[in-house]
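Listed here are the chains, written in short residue letters.
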Amino acid sequence: MLGVIRQRVTCRGIPTLTLEQGMRVVASRTFSSSAKEITVREALNSALDEEMSADPRVFLMGEEVGEYQGAYKISKGLLEKYGPDRVVDTPITEAGFTGIGVGAAYYGLKPVIEFMTFNFSMQAIDHIINSAAKSNYMSAGQISVPIVFRGPNGAAAGVGAQHSQCYAAWYGSIPGLKVLAPYSSEDARGLLKAAIRDPDPVVFLENELLYGESFPISAETLDSSFSLPIGKAKIEREGKDVTITAFSKMVGYALQIRNLKTNEMVFPRMFYNRIRVRVLRIICINLQSYIFYNCMWNPYRLPGILAKEGISAEVINLRSIRPLDRSTINASVRKTNRLVTVEEGFPQHGVGAEICASVLEDSFEYLDAPVERIAGADVPMPYAANLERMAVPQQRGLATDQVHWPQLPKRYKELKLTKINL
Amino acid sequence: MAIWFSRSRKIAHFLKPKIAPSEFLYKICSNYANSSSFRTLGGENCRNPQVFSDYSTTILAFRRRWWRPESTRAGEQVETPYSDDDYEDENQALDFPGGRVTFTPEMKFISEASDKRIPCYRVLGDDGHPISGSRYEQVDKETAVKMYKSMVILQIMDNIFYEAQRQGRISFYLTSLGEEAINIATAAALTLDDVILPQYREPGILLWRGFTLQEFANQCFGNNADYGKGRQMPIHYGSNKHNFFTISSPIATQLPQAAGVAYSLKMDKKEACVVAFTGDGGTSEGDFHAGLNFAAVLEAPVLFICRNNGWAISTPTSEQFRSDGVVVKGQAYGIRSIRVDGNDALAVYSTIRAAREMVIREQKPILVEALSYRVGHHSTSDDSTKYRPINEIEYWKTARNPLARFQKWVHKNGWWTDDDESELRGSIRKQLLTAIQVAEKTEKPPLAEMFSDVYSHLPSNLHEQEKSLRETIKRHRQDYPTDVPV
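You'll find chain B entered in an unreviewed UniProt entry as 3-methyl-2-oxobutanoate dehydrogenase (2-methylpropanoyl-transferring), with Abeliophyllum distichum given as the organism. Quoted verbatim from the Cofactor (unreviewed entry) field of UniProt, the annotation for chain B is "thiamine diphosphate". Quoted verbatim from the Sequence similarities (unreviewed entry) heading of the UniProt record, the comment on chain B is "Belongs to the BCKDHA family."

An unreviewed UniProt entry annotates chain A as Pyruvate dehydrogenase E1 component subunit beta originating from Abeliophyllum distichum. Word for word, the UniProt comment on chain A under Catalytic activity (unreviewed entry) is "N(6)-[(R)-lipoyl]-L-lysyl-[protein] + pyruvate + H(+) = N(6)-[(R)-S(8)-acetyldihydrolipoyl]-L-lysyl-[protein] + CO2". One UniProt comment on chain A, placed under Cofactor (unreviewed entry), says "thiamine diphosphate".

A.B. asks: I'd like a description of the interface of chain B and chain A, backed by residues and values.
C.D. replies: Counting from both sides, the interface comprises 36 residues of chain B and, opposite them, 39 residues of chain A. Summed over both sides, the interface between chain B and chain A buries roughly 3100 Å², with carbon and sulfur atoms accounting for 61% of that surface. Per-residue buried area on chain B facing chain A is highest for Gln 257, Phe 294 and Tyr 455 of chain B; these three make up 21% of the total on that side. Our count for the contact surface shared by chain B and chain A stands at zero salt bridges. There are 14 residue pairs in polar contact (both at pLDDT 80 or more) connecting chain B and chain A. Of all the secondary structure elements, the ones that give two or more residues to the side of chain B that touches chain A are α10 (254–268), α11 (286–298) and α18 (448–451) of chain B. Broken down by element, the residue count for the side of chain B that touches chain A peaks at 10 residues, all from α10 of chain B.

A.B. asks: Would you mind going over the pairing of strand β10 (residues 242–246) of chain A in detail, with residue names and values included?
C.D. replies: All names here are of chain A. With five of five residues buried, β10 lies mostly within the body of the structure. Here β10 shows a buried face lined by Val 242, Ile 244 and Ala 246 and a second buried face lined by Thr 243 and Thr 245. Pairing of β10 with strand β13 (residues 313–317), which is carried by five bridges, proceeds in the parallel orientation. Bridging across to β13, Val 242 finds its partner in Ala 313.

A.B. asks: Go over the sheet that holds strand β16 (residues 372–374) of chain A, please, and point to the residues and values.
C.D. replies: Residue and element names in this part refer to chain A. One open sheet accounts for five strands, arranged β9-β13-β10-β15-β16; its pairing is mixed. With partners counted over all chains shown, the strands left at the sheet margins are β9 (234–237) and β16, one partner each. Recorded for the sheet is a direction-independent mean angle of 25° between the axes of neighbouring strands. Strands β9, β10, β13 and β15 (339–342) of the sheet are contacted by helix α13 (residues 326–336), whose axis makes an angle of about 175° with β13.

A.B. asks: With reference to specific residues and values, describe unusual backbone geometry.
C.D. replies: Most peptide bonds take the trans form, and the phi angle of most residues other than glycine is negative. Residue and element names in this part refer to chain A. The linkage connecting Arg 322 with the following residue, Pro 323, adopts the cis geometry, with an omega of 0°. Even without being glycine, Ala 140 reaches a positive phi, approximately 55°. Along the chain, Ala 140 turns up in the loop between α6 (125–138) and β5 (148–152). For His 349, which is not glycine, the phi torsion reads 55° and is therefore positive. Of the residues examined, His 349 reaches a relative accessible area of 63% and is grouped as exposed.

What counts, and at which threshold
Residues numbered from 1 in each chain as written. Chains lettered and ligands numbered in written order. Predicted model: local features only at pLDDT ≥ 70, side-chain atom pairs only at ≥ 80, totals over all residues. Heavy atoms only, no water. UniProt positions renumbered as here; feature names shortened; annotations may be inferred. Contact = heavy atoms within 4.5 Å. Buried area = accessible area lost by both parts, 1.4 Å probe. Salt bridge = Lys/Arg side-chain N within 4 Å of Asp/Glu carboxyl O. Polar contact = N/O pair within 3.5 Å; in protein donor to acceptor, adjacent residues only side chain to side chain. Helix = DSSP H or I, 4+ residues; strand = E, 2+ residues; numbered from the N terminus. Buried < 20%, exposed > 50% of the residue type's maximum accessible area, 1.4 Å probe, protein only. Pairing = 2+ DSSP bridges. Axes fitted to C-alpha atoms, helices over the stretch in contact; angles between N-to-C directions.

As structure tokens, then:
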């Protein structure tokens, strides 16, 4: 691990922090920090545990959730505690166990169906949409489906096209479903509890790379009655110059853009039909260095490049894709007059497109600049590490590439001066 | 020369005992070593502590083979390397994940079709007399008369609603003609507590359970009195109080769902089971495999009933599967199954009674294949004369009619007369026509019902949409249908 850190520090050209300084930061984070921190994995595990003990109708079903303790260890210890009747290992048939879950929900149980990744949910998508989402409506309220479908969504690291798609936009377009995308541990705990308690079918999109990340958490969040309201976005950081909306892993990236101190910002332009999708690249990160990066830098403590340029960005953590918190987003845009949407999924018909349309419908006069959508590349996710980096919004900083960023603050500044007063 | 040698070497190799004595010794030693460390062949945790017996049998086999006089061994090599007797005596078997299997030196493929098809259980002959030697559950007069009457009502209802669709009064209809016996006899054999997950050709079950003709008509017209609030196409009935799940169009999705309902029912510990229907076409869906496999693994109390009526729209069963119907598929999943004559109401009744009892007592799934014929078209969107001969349809409609056969039996018992018949048919026809008229005149569901039930509670965005729609309607009243109450 030390070797890796040393290599990263010398090769990647991060100028300011030396190894010793880095280690001191690590030490200070581990020992002197007073706020409790838990990983997203622990948050999900504790939420499941508490909901299962509170309501005997809740049960977990999926591949490897029992004996294997969960494909990503989210359901660790649950089989031992609740037994095989409530933590059900299934054969490899998404259509099968999703159908069974829906049927069980029809008859009054509260299943939590785990997909190993949401990519595999496509094999069961008829049950999710035609049965779970539409049944309450088609039966005129006679059949309610209090089911939760959860699992990792979106890109992980080096898993290729069939394991990396983001389904937020797909499920987010279905009336009858609720779609949630947590970011931090607090989000994970609160939203999963709310999802399990909700009488409607909920699609709960987690993120594999976030499972191991720790976040500070308050005592109130750790209480077993804690839950977050579905349909409310969270303003992670207030600002006044530009609104950045994001969900899941991209919230972390948005916060780091906002807060990060660095000299190199890169925006290579990627063309998608007529719409330019700008990929933000701040600090070079592949999976290893991403972990390293989180150890080394505390994004909450450093002033950011945007702040350096005098731009204060408001970061909105959507939390809920459906229902989308249009009022929070619009209120923020009316305050800042500019909007950048960030997502990892494909750009066409994406979450950013919906937010863009919503803001155009409700707050057109308040916009000083066109809405900028940042999304993944319009290609199936490539496997090669270099290509994969380029296919999703990344934080990557290399002095070698073209630098467009210094132009950006100027552009925003110019636009600020020419703001149209209505 | 070289070729001859190589070929002879191959033959010699084939004639040699399968394992050379030296190899055998090695095998025994390694087996012993394995057993001492308590590993099975699979290397997993020792669920099957049979390793020692395995060791002993190999020792025995070794001894028998080694000490046999030369001549007989040579003789055996030429004819057959091993005889069957050896295997039965020594009971040689192998441990594999999944259990012990005896092994055989004969390479035998299981045939894709057995010589004889699985026979079909039948009670009544075509003449209405019980077949001699048939064993069936006795039906008392009240039940038998109710069954026959329901079959008649179902048939008339199908005909009249079909005509109504042809007249343009409803948009769609789907008949159960030819399958009345399956519908009604099954319903009669179950109790109200048994949860039904239908495909779509089972309205007879609702009829038996007390769904009125007016309620059927309301659903078909999608009016305000429809329990589905006008949300679904005609014939997609559903009723909580009759334990009949709302019909869902995608085929066979109800099969894994039935296993889920049964899982939930099992926890309730009720004297009831789940009954899931499908047609012959539905057995091709992936959900059929998932549902049956899962129900067997989970030991869910589900009664799977397959109405094999020979046709899936225009696809005959010969193009649907190559197996001997659906009944043989049960064994593939470890599910007990039976084939019954679906046009014989008594046979179906007895079968379902027995199957239901087995399902509840043993808490295991059962598969029933009811053979029948789809006399009507698939639905009003289909004209089956385009893909099957009219005389075939006529034959099944008349000579093999389930109503006629059952009627003969009921008549013979003195429980039903021709006067009863004409009286019933006349009155039902009148009732149906009235029901249709009433349903047609009833108001459609109000606008609020378009937005309710999407979620348990009306979300704010739908509330806004409803409000803006109302305002638009108010502004442009002339552009909106007058029979939709706002």
